[in-house]
Amino acid sequence: MGELKQLSVFAENKPGKIEKITKALADAGINILAISISSSGDFGVIKFIVDKCDDALKKLKEAGFTASLNDVLGIELQDRPGGLHSVVQALGNRSINVENAHVFVAGSRDRAYLIIEVDDINHTRELLKNDGLTFYNS
Amino acid sequence: MIWDKKAECMTQKQRESLQLERMQKTVKYVYEKVPFYKKRFNESKIKPAEIKSLADISKLPFTAKADLREGYPFGMFAVPREQIVEIHTSSGTTGKPVVAGYTRNDLAMWGEVMGRTLTMIGANQNDVIQNCYGYGLFTGGLGIHYGAQRIGATVLPISAGQTKRQLQVMQDFGSTILTCTPSYALYLAEVAEEEGITAKKLKLKAGCFGAEMWTEKIRDEIEKRLHLTALNIYGLTEIIGPGVAQECPKKNGLHIAEDHFYPEIISPDTLEVLPEGEKGELVLTGITREGMPMIRFRTKDVTALRRGKCGCGRTLVRMDRITGRSDDMLKIRGVIVFPSNIEKALLEVKGVEPHYQIIVTRPQFLDEIEVKVEITKKMFSDEVKHLEKLKQEIEDHIEEKIGLRIKVTLVEPKSLPRSEGKAQRVVDMRNFK
């Protein structure tokens, strides 16, 4: 099963920094599907879900950025009131601690996923297996 | 006014003969009393009897701060510890401090040169001296104190801090002379303004400011805001403390008490003695010290010497305001910091590579220091909290090693300027020039 990959890039907390990163991705013809920013005072980590993650990582490194690719878990969200709630409830019931989360809409535009960062993806998947959730599978 | 007209105004010829006599005596004395010097002189194949002129001093080896650290604590003393009546140490944070020992005669000489210093700035027995230099192992407080007592002024041994109380005392006791670091003088001025105390309400007339580098611009600022004549004082623990040199109201350099402290200017590269007027590193020899005479001590302070009679009447050689260091030493809020030690601490943290820059600023009156560290692949984590932790870990480690908390900022790789492949390690934006 192909795990969902998330691209993380280090950035100083200064005007124009995100622009530099997105320009490098745009120049390389990479489509950004989701973005999330966690910052802490002087610096932050910008996270992307992109269509061609290996190319993106290569391009960013060539452009001098510090970046990495990490596995994340994508859980499909139902397009109805309470859609997010039911997923989060399942996570809570299984005492799964989420480090970071954001939402991404799949390339086909018909599905949205909650992206979560957890310590052990396989274990988390195992814990959630009877909760009727659909995981992202590339 | 001149405290000791005979010593301060003698002709060049008279002084040279006095200096030579004292130098010869001291060189012989340290050779006999201090094993360190005996060993050094022997290594350089020089005997005290070979010092026949003042210029012969260049045959003697230099003494460095590291030699004093090596001899910690009492290795440089020329007398048994029992004859030392007072000890001071330097304000460094790294390793062992520099220890200075004073005999009763040394303290008398210190009081004498400080008496000259305070007289030079216009103080006499009618004055009230508010001494905000720290009392304690630091030489500043007690050095001024001994001079004040020598000239019979009223001294307030108040040290720095408690600024509002300082201003209260200044008004109530009618302080006329202020002695402190230039940055503290500016801070006092600011608090006075906040408290609505105009300089006219104060009776200050002069002050000697030192223990850190400062500029003509800072002088103008202090003079304007505190309504006093601000003069530059110079000294160092290894030689005696304050009292080595003092600027007179003519403001054209600091008169060195050269009948006690023999000055030379050397090239820090070739170590050759430079002619008068050339800029280089100041080297001092204590020719009247008893407890701990320094032979050719390399101060690492960059200046130039100027001869010729000064408008004040003194014939003592003048040195320019210190404009820099011949090593990388920084003084941050009076504390000695070597960037090389910051680097060492930095590289001991796992994953850190030597891409960093130390930035020193003085946003208002107090020095700020920051280290920018380029993030590397090994250091990177997609978790902000891990990066935060790493940043703290670096700050903790530097603090543990150098004794000073320094703000660490993580920056992007290759974002720090490199010139010819070599990064500029220290950016001192305090502007002392």
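What counts and what doesn't
- Residues numbered from 1 in each chain as written.
- Chains lettered and ligands numbered in written order.
- Predicted model: local features only at pLDDT ≥ 70, side-chain atom pairs only at ≥ 80, totals over all residues.
- Buried ≥ 20, exposed ≤ 12 C-beta atoms within 10 Å, placed from the backbone.
- Helix = DSSP H or I, 4+ residues; strand = E, 2+ residues; numbered from the N terminus.
- Pairing = 2+ DSSP bridges.
- Contact = placed C-beta atoms within 7 Å.
- Domains from an automatic or database assignment.

Novice: Mind showing me how you'd approach the pairing of strand β12 (residues 297-303) of chain B here?
Specialist: Each regular strand displays side chains that alternate between the two surfaces of the sheet. All names here are of chain B. Within β12, five of the seven residues are buried, which leaves the element mostly enclosed by the surrounding structure. Note that strand β11 (residues 280-286) and β12 share four bridges and pair antiparallel. Bridge pairing in β12 places V283 opposite R298. Sheet topology note: the β12/strand β15 (residues 324-325) ladder contains two bridges and is antiparallel. Counted as the bridge partner of D301 is R325 from β15.

Novice: What exactly am I supposed to notice about the interface of chain B and chain A here?
Specialist: How big an interface is tends to be stated in terms of the accessible area lost upon association of its parts. Listed by partner, the interface residues are 14 residues for chain B and 17 residues for chain A. Where the side of chain B that touches chain A is concerned, the elements lending two or more residues are α11 (384-402) and β20 (407-411) of chain B.

Novice: Sorry, what's going on with the pairing of strand β4 (residues 67-77) of chain A here?
Specialist: Residues and elements named next belong to chain A. Pairing geometry for strand β1 (residues 4-12) and β4, over six bridges, is antiparallel. Residue pairing for β4: L7 is matched across the bridge by L69. Examined bridge by bridge, β4 and strand β6 (residues 112-117) share five bridges and lie antiparallel to one another. Residue pairing in the sheet places G74 in a bridge with I115 of β6.

Novice: What is the right way to read unusual backbone geometry from this model?
Specialist: Residue and element names in this part refer to chain B. A cis amide bond, omega -5°, links Y72 with the succeeding residue P73. Tracing the backbone shows P73 in the loop between α4 (65-70) and β1 (86-89). Positioned with a positive phi, K45 is a non-glycine residue whose angle comes to about 55°. Its identity as a non-glycine residue notwithstanding, H227 has a phi of 55°, on the positive side. The topology assignment puts H227 in the loop between α9 (216-226) and β7 (229-236). On the basis of neighbour counts, which here come to 16 C-beta atoms within 10 Å, the residue H227 falls in the partly exposed class.

Novice: I tried to follow the domain arrangement of chain A on my own but got confused; where do I start?
Specialist: All names here are of chain A. Structurally, chain A comprises domain 1 (4-70) and domain 2 (71-127). A straight line from the C-alpha centre of domain 1 to that of domain 2 covers 22 Å. At the interface, 10 residues of domain 1 touch 11 residues of domain 2. Of all the elements in the fold, those that place two or more residues in the side of domain 1 that touches domain 2 are β1 and β2 (32-40). With four residues, the top contributor of residues to the side of domain 1 that touches domain 2 is β2.

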